[in-house]
Structures are given as C-alpha cells and as structure tokens.
Amino acid sequence: MARMARRILVAGMASGVALPGILRAQAALPMRVVVPAARGEPLDSLARLLADRLIPFLGRAMVVENRIGAGGLTAAEAVATAPPDGTVIGILGAATLCAAPAVHGRTGFDPLRELRPVTQITDTAVVLAMESARAQARGWADLPAVLAWAKANPEAIRIAHAGVGTESHLVLAALAEAAEVAIAEVPARDSAAADLVAGEVDGAADLPAGLLPQIAAGRALPLGVSSRRGLAPLPDVPAFAEYAELGLGGIDLRGWSMVMAPAATPDGEVQRLSFAIRRVASHPEFAPVLRRPGYAVALSVSPEAAAQMLAEERSKWRRLVELSGAAAN
C-alpha cells in the first residue's frame, strides 16, 4: 500500500496535478474503460496503456472492462447506457461504430446517436498477405499478379478475414469490387493469420497485429494495405490506391479507433476527457508501444472534429456492408 501511494504521489508530481485533488478522488468509484476485446488483444492492451497513464490526469482509479459480442455492439451499448457523468468511456473501432448495427440487425441502437465522440486515438490499415510458399509457387510476387490470377480463376483464391462485418471483411469486398474479381472470402476459424500459417487458405486480410509476426518470420508475404497513407511497420508495402490502373485508386479504408462517451455526457466532461487523453497519447513514450501491433497515434483536434470524422466515415463503411452481403435481413 505504501508503495502504491508513493507511485501516485510521484505520478501526480510528474504530471503537474495537485496532490490534494488526487487524494480526494481516491474515495471515488473507478472510471471504467470498456473495450470489445478479450484480455491481451491489441485493443485491450491499448485500453490498459491509456488507463494506466490517465490516472494522474483524471485523479481516479481506472478499470478496463472487456465486453465481447455482436461486432462490438455489446461494448458500445454498455457505454451508451452508463451514467453520462464522465466516469465511463469506450474505445471502439470503425466496424463497430459504422457497420455493426447494419450487420447485426440492431436497428434500435445507433452508436452515432447514443454515443458521443471524445477523440480519435489510433489509426491503422488492413493488410493483405499471401502464404509465402504458395505465393512463390504461383508467381504471386505482387498484388497485380494475385488479381490477374483471381480474374482468370474466379473464386479460386481463398482469403481469410477476421469475421463477417469486420474491417478486413469489408476491405476485401471493396478490393474485389474495385478490381472486378471474384475472391472466396473466408471467415477465419481461429484467426486470419493462424489459418494462413496452417495452409487452410491462400492468403489473409486483417489488421496488422496478427499478421506482422508472420510477415517478419517469412511465412506471409504482404502485398498491399488498405490506407492510402500506407502503414509505418511495412514502409515498402504499397497502398491499394497506388494501383490506380487496376481500378484501386479510390480505396482508402483505415482501421481507426475512437474514444466514446454516453451521448448525454456534458460538454465540460467531454472536453476534460479529450484534453487528458490527448495529453497522455501525445507523450513520446506512447506511440512506440502502439507501433509494435501496427497502430499509429491519431488524435482529433477536438470532440467536434472527431464527430465530423465519424459522420464522414459512416457512409463509406455502410456502403461496404451492403456490397459484401453482410447486412442483416
């Protein structure tokens, strides 16, 4: 206990937060950070990193709460129905906020209406990689070669994705439409990377965390990323949009995550949370930790800017839900 008190004291002094305010807040209930991920998954690790560093800024204990199910909507609803007093936030991704209600038939729940953006916090991209031995045997040295093979052999290429309605599934749908090819899009049995390594599929599309270790080990050959700006851990891997001659010039799909609060949270609390999160995530030690699983820090300049970005992204992802056939009947 003495050691814990000393850590709080040091954290308070280092952050410039007045110690009496921290001591008064110790009696308060912990702040909850809700994530639609199991413990140890990248989004959970992000939440724990953020929560740990928010303690001295918000002056209260932090608890990460894992709520899995319905494409992230279980977590989103847990945040939406929480007291709107700044004590509960969620870290939710693009597919949850923009696509999941259409995919899972939750027409009575609209994340954009029942949640309030605080700030974007991360940005990443979906990676397309092929199983290395198979790519070498079939001459798939780059994305044009794969798409040419797919065009000559409709539905013959099997590519695993993270699940129906996820970013990776919808990116595959966008790629197939733009290139005018038919790809067998296979929901992963374990994970997209694991299915690729096991030889159950020809390739995998997923957010970077699962694929980067397989790429580093030489078991997966990365051929493209879905974001026009590329991906820092894979600087030599082209964006899909670089192949404009193949019809891919318009693809720019990012796997971002955003901090959300209940819709009725007062302006003052949202601004306070936004300021604290942006201070923490701007610290030089924060970005390198996120870089390992393929995230970049991406912060909104204000909650209003986050809301505008979310509204702009929604139509893009909703269209892909319809295109993919993932929309609930």
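Only a predicted model underlies this, so the values are computations on that prediction, with no experimental measurement involved.

Here we come to the environment of Pro-293. Within the secondary structure, Pro-293 sits in the loop between α13 (286-291) and β11 (296-297). What makes Pro-293 partly exposed here is its relative accessible area of 21%. As a C-alpha pair, Pro-293 and Leu-46 span 247 residues in sequence and 9.9 Å in three-dimensional space.

Another aspect to go through is the environment of Val-289. Counting through the fold element by element, Val-289 comes out in helix α13. By relative accessible area, Val-289 is classed as partly exposed at 29%. Sequence separation between Val-289 and Ser-45 is 244 residues, and the spatial gap between their C-alpha atoms is 9.7 Å.

Okay, the side chain of Arg-60 next. Tracing the sequence through the fold places Arg-60 in the loop between α3 (42-58) and β2 (62-66). The charged side chain of Arg-60 is buried without a salt bridge, its nearest counter-charge being Asp-85 at 6.9 Å. Here Leu-29 takes part through its backbone oxygen, which lies 2.5 Å from a polar atom of the side chain of Arg-60.

Tallied over the full model, the rule gives 18 salt bridges. Glu-65 is the partner of Arg-67 in a salt bridge, and the nearest nitrogen-oxygen pair spans 2.9 Å. When its relative accessible area of 18% is taken as the criterion, Glu-65 is described as buried. Between Glu-200 and Arg-189 there is a salt bridge whose closest N-O contact spans 3.7 Å. Of this pair, Glu-200 sits in the loop between α10 (192-197) and β8 (203-206) while Arg-189 sits in the loop between β7 (184-187) and α10; the two residues are 11 residues apart in sequence, bridging distant segments of the chain. A relative accessible area of 33% places Glu-200 in the partly exposed class. Accessibility expressed as a relative area gives 72% for Arg-189, which makes it exposed. The network of salt bridges with common partners includes Asp-123, Arg-229, Arg-254, Glu-313 and Lys-316.

About the thresholds
Residues numbered from 1 in each chain as written. Predicted model: local features only at pLDDT ≥ 70, side-chain atom pairs only at ≥ 80, totals over all residues. Heavy atoms only, no water. Helix = DSSP H or I, 4+ residues; strand = E, 2+ residues; numbered from the N terminus. Buried < 20%, exposed > 50% of the residue type's maximum accessible area, 1.4 Å probe, protein only. Lys, Arg positive; Asp, Glu negative; His and termini not counted. Salt bridge = Lys/Arg side-chain N within 4 Å of Asp/Glu carboxyl O. Polar contact = N/O pair within 3.5 Å; in protein donor to acceptor, adjacent residues only side chain to side chain.

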